[in-house]
Amino acid sequence: GGRGKGRKEKRRKEKKKEDKEKEEEGKGEKKGGRERRGVNERGRGVGKGREKRKDRHLNPNGVVHGGVLFTLIDTAMGAALMSCLDEGDICATIQISMNYLKPVVSGVVECQVHVVNRGRRFANLHGELYVGEKLVGTADGNFAIVSAA
């Protein structure tokens, strides 16, 4: 009984604090009424994103989970590619090769991605993750380009 209530209350307080921080930062890009997680800039074939380390991002070892870093770079890659697609085209991740170079335990992870090559049906992208000046990860991704119609 009692232990579960304490955990729920702690989670509720953490969520409230994160919501307040998110509101104050005003980061993220709105798309269809929802915020696109972490992406704060995109343009003709490039994208940038950032994610502040939060307790909920940590794995049992106290390090930001690789899935958080992967999601950030995948989302930024998709945004970068979408910025240079023809009207009516959409993209989907086919494959991403992620290299985790250093553990992330604190700070803000910043992501920089760019389109390396864009063909008619496929595109290749490269991205890098930084905490401050420290390179903590890289990724190369392949995306399909399809007509939404």
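Everything that follows concerns the structure shown earlier in this document.
About the thresholds
Each chain carries its own residue numbering, running from 1 in the written order of its sequence. Local features in a predicted model are, by the rule used here, given only for residues with pLDDT of at least 70; side-chain atom pairs are given and counted only at 80 or more, and totals for whole chains, interfaces and linings are based on all residues. Think of the side-chain values as coming from all heavy atoms in the structure, minus any hydrogens and water. Only DSSP runs of H or I with at least four residues qualify as helices, and only runs of E with at least two residues qualify as strands; both kinds are numbered from the N terminus onward. Using a 1.4 Å probe on the protein chains alone, a residue whose accessible area is under 20% of its type maximum counts as buried, one over 50% counts as exposed, and one in between counts as partly exposed. Any two residues whose heavy atoms approach within 4.5 Å at even a single point are treated as in contact. Working definition of accessibility: Shrake-Rupley area with a 1.4 Å probe, residue cover restricted to the visible protein chains. Criterion for a disulfide: a pair of cysteine sulfur atoms at a distance within 2.5 Å. Every helix has an expected span of 1.5 Å times one less than the residues it contains. The definition of a nonpolar core used throughout is a set of buried Ala, Val, Leu, Ile, Met, Phe, Trp, Tyr and Cys residues joined through side-chain atoms within 4.5 Å. Any Lys or Arg side-chain nitrogen located within 4 Å of an Asp or Glu carboxyl oxygen qualifies as a salt bridge. Each pair of strands is called paired provided DSSP finds at least two bridges between the two strands.

Draft legend 1. Looking closely at the overall build of the chain. Along the backbone of the chain there are 2 helices and 8 strands. Ordered by position from the N terminus, the helices and strands of the chain form the series α-β-β-β-β-α-β-β-β-β. When the 149 residues of the chain are sorted by exposure, 34% land in the buried category. Of all intrachain contacts in the chain linking residues separated by at least 6 positions in sequence, the fraction that spans at least 24 positions is 61%. Surface summary for the chain: the accessible area is close to 9,400 Å², and the carbon and sulfur share equals 48%.

Draft legend 2. Spatial organisation of the side chain of Asp89. Topologically, Asp89 is positioned in strand E5 (residues 89–100). Filtering out sequence-adjacent residues up to four positions away, Asp89 remains in contact with Met82, Arg118, Ile145, Val146, Ser147 and Ala148.

Draft legend 3. The arrangement of the state of the cysteines in detail. This model, assessed by the stated rule, comprises 0 disulfides. Its sulfur unpaired, Cys91 is 8.7 Å from the next cysteine sulfur, which belongs to Cys84.

Draft legend 4. View of helix H2 (residues 66–82). Between its first and last C-alpha atoms H2 spans 24 Å; for 17 residues at 1.5 Å apiece the expected length is 24 Å, and the two agree. Every buried residue of H2 is accounted for by Leu69, Leu72, Ile73, Ala76, Met77, Gly78, Ala79, Ala80 and Leu81.

Draft legend 5. Representation of the side chain of Thr138. When you line up the elements, Thr138 lands in strand E8 (residues 134–147). Residue classification places Thr138 among the buried positions, given a relative accessible area of 13%. Residues contacting Thr138, with those up to four places away along its chain left out, are Ser97, Met98, Asn99, Leu101, His126, Gly127 and Glu128.

Draft legend 6. A look at the nonpolar core. Counting 26 residues, the largest nonpolar core has Ile73, Met77, Leu81, Leu125 and Leu129 as the members making the most contacts within it. Listed by contribution, the elements that provide at least two residues to this core are H2, E5, strand E6 (108–118), strand E7 (122–131) and E8. Among the elements that line this core, the one with the most residues is H2, at 7 residues. Filtering out sequence-adjacent residues up to four positions away, Leu129 remains in contact with Leu69, Leu72, Ile73, Met98, Val109, Glu110, Cys111, Lys134, Leu135, Val136 and Gly137.

Draft legend 7. Up close: the environment of Glu87. With respect to the element layout, Glu87 can be found in the loop between H2 and E5. On the basis of relative accessible area, Glu87 is assigned to the exposed category, the value being 84%. In this structure the C-alpha to C-alpha distance between Glu87 and Ser147, which are 60 residues apart in sequence, comes to 8.8 Å.

Draft legend 8. Structural view of the pattern of salt bridges. All told, the structure shown has 3 salt bridges when counted by the stated rule. Between Glu51 and Lys54 there is a salt bridge; the shortest N-O distance is 3.4 Å. Residue Glu51 is classed as buried on the basis of its relative accessible area, which comes to 5%. Among the ionic pairs, Asp55 bridges to Arg53, the shortest N-O distance being 3.0 Å. Under the relative-accessibility criterion, Arg53 is labelled partly exposed at 25%.

Draft legend 9. The pairing of E8, seen in detail. Relative to E8, E5 runs antiparallel, the two sharing 11 bridges. Its bridge partner being in E8, Met98 is matched across the sheet by Ala139. Across 10 bridges, the pairing between E7 and E8 is antiparallel. Its bridge partner lying in E8, Val131 is registered against Lys134. Counted between consecutive antiparallel strands, the loop separating E7 from E8 contains 2 residues, among which Gly132 sits at a positive phi close to 65 degrees.

Bear in mind that shape data such as this cannot, by itself, settle questions of function.
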